[in-house]
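# Coordinate analysis (summary)
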Amino acid sequence: MVSYTIIGKETKTMSSHHELGPSRYSAWAVCPRYRSDDRDTPESSAGTDAHAELAKALTDGEYIPSSLAARWAADWILSEAKGAEVRSETKVTGTLDGVSGIFGTVDAMWTDADGVLHIADFKTFSDGTADYMPQLRGYAALYATEADVGKAVVLHVLHGMACRVEDSRTTFADCIDRTKAVLESVNDNKPAQLCKWCTFCANIKECPTTNNALTTVSENTPAFSNLSTCQKLVVLDAVDKLSKTIRDEAKKEAKKIGAT
């Protein structure tokens, strides 16, 4: 296991994810205080299975995924590639801000007839409302630091639940600049932001922003009443996650006491 230091924060590689890898960039772009809780849930397991089916469908033309979302994603990618070789589950490794060995795994990559690289990422349960482009820009940035690339790159987010594709044609230089900005924000003194990523964050119990949300809801202050419905749902999701985290810890403590 290799240790790195970036922006004053020690990090370590993980078996399948790097702690500074692109899978975290979409969350960090919203809240730099976010830390993944790395939980295994039924949804994450189903997502892993769907990704495995997608990878097999992209490499085996005879295979038909049982997951409708994975089947749709495979059909779209192969159609969009127009006969070009599609590389599936490709590990990209690069150097950013002086940190070498940062890596991530791209769901699908191909080069079109004009020599432009395409990067596609499949989000099994996405309804299209979350912004995952920071993650794809991260893949492009890492790829560009280690490979001979042109100027343009096309990014595709495949929102599985909505069966909708979000495209962005940009440059490798822009991807590198914006990815570096995300990494630099991780150690800024900016406060945490209440967002959809709160429900997946390991820091939720200690997070002052989440605790302020709990106070706001419990006191039913005008500030909460004045929020839009969508904003209220974000607050309530964070409060629900905080409540579940505390309850789970209480159950663990109870089991320990019962075992002694």
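Summarised in this report is the structure supplied together with it. Just so it is clear, the structure is predicted and the values come from calculations on it, not from any experiment. (Residues numbered from 1 in each chain as written. Predicted model: local features only at pLDDT ≥ 70, side-chain atom pairs only at ≥ 80, totals over all residues. Heavy atoms only, no water.)

## Digging into the sheet that holds strand S7 (residues 164-171)
Selection criterion: The pairing criterion for strands is at least two bridges between them, as found by DSSP. Secondary structure elements are taken from DSSP: a helix is a run of H or I of four residues or more, a strand is a run of E of two residues or more, and numbering for both begins at the N terminus. Inter-axis angles, ranging from 0 to 180 degrees, are taken between N-to-C directions of lines fitted to C-alpha atoms, where helices are fitted over the stretch in contact.
Sheet architecture is open: 5 strands sit in the order S3-S4-S5-S6-S7, paired in mixed fashion. Edge positions in the sheet fall to strand S3 (87-96) and S7, since each has one partner strand and no second. The mean angle between the axes of side-by-side strands here comes to 40°, regardless of whether they run parallel or antiparallel. Pairing geometry for strand S4 (residues 99-111) and strand S5 (residues 117-123), over 4 bridges, is antiparallel. Opposite Trp110, over in S5, you have His118 as the bridge partner.

## Let's talk about unusual backbone geometry
One non-glycine residue, Lys82, lies in positive phi territory at about 50°. The topology assignment puts Lys82 in the loop between helix H3 (68-81) and S3. A positive phi angle is found at Glu89, which is not glycine, with a value near 50°. Residue placement: Glu89 occurs in strand S3.

## Thoughts on the pattern of salt bridges
Inclusion rule: For salt bridges, the criterion is a side-chain nitrogen of Lys or Arg within 4 Å of an Asp or Glu carboxyl oxygen. The cut-offs for exposure are 20% and 50% of the maximum accessible area for each residue type, with area from a 1.4 Å probe on protein chains only; residues under the lower value are buried, those over the upper are exposed, and the others partly exposed.
Counted according to the given criterion, the structure contains 2 salt bridges. The salt bridge involving Lys123 is made with Asp121; its shortest N-O contact spans 3.0 Å. Across the pair, Asp121 and Lys123 agree in class, each one buried. Note that Asp174 and Arg178 form a salt bridge whose closest N and O atoms lie 3.6 Å from each other. Highlighted residues: Asp174 and Arg178, both in helix H5 (residues 172-185), separated by 4 residues, approximately one helical turn. Look at Asp174 and you get partly exposed, because its relative accessible area is 26%.

## Examining the packing of aromatic side chains
To be explicit about the condition: Side-chain rings of Phe, Tyr and Trp (the six-membered ring for Trp) are treated as a pair once their centres are within 6.5 Å; stacked means planes under 30 degrees apart, edge-to-face means over 60, and tilted covers the remaining angles.
Under the criterion given, the structure shown has 4 aromatic pairs. Geometrically, the ring pair formed by Tyr25 and Trp28 is stacked, given 6.1 Å between the ring centres and 25° between the ring planes. With Tyr25 and Trp28 both in helix H1 (residues 25-28) and 3 residues apart, the pair spans about one turn of that helix. Comparing Tyr25 with Trp28, the two get one shared label, buried.

Shape descriptors only; they carry no functional weight alone.
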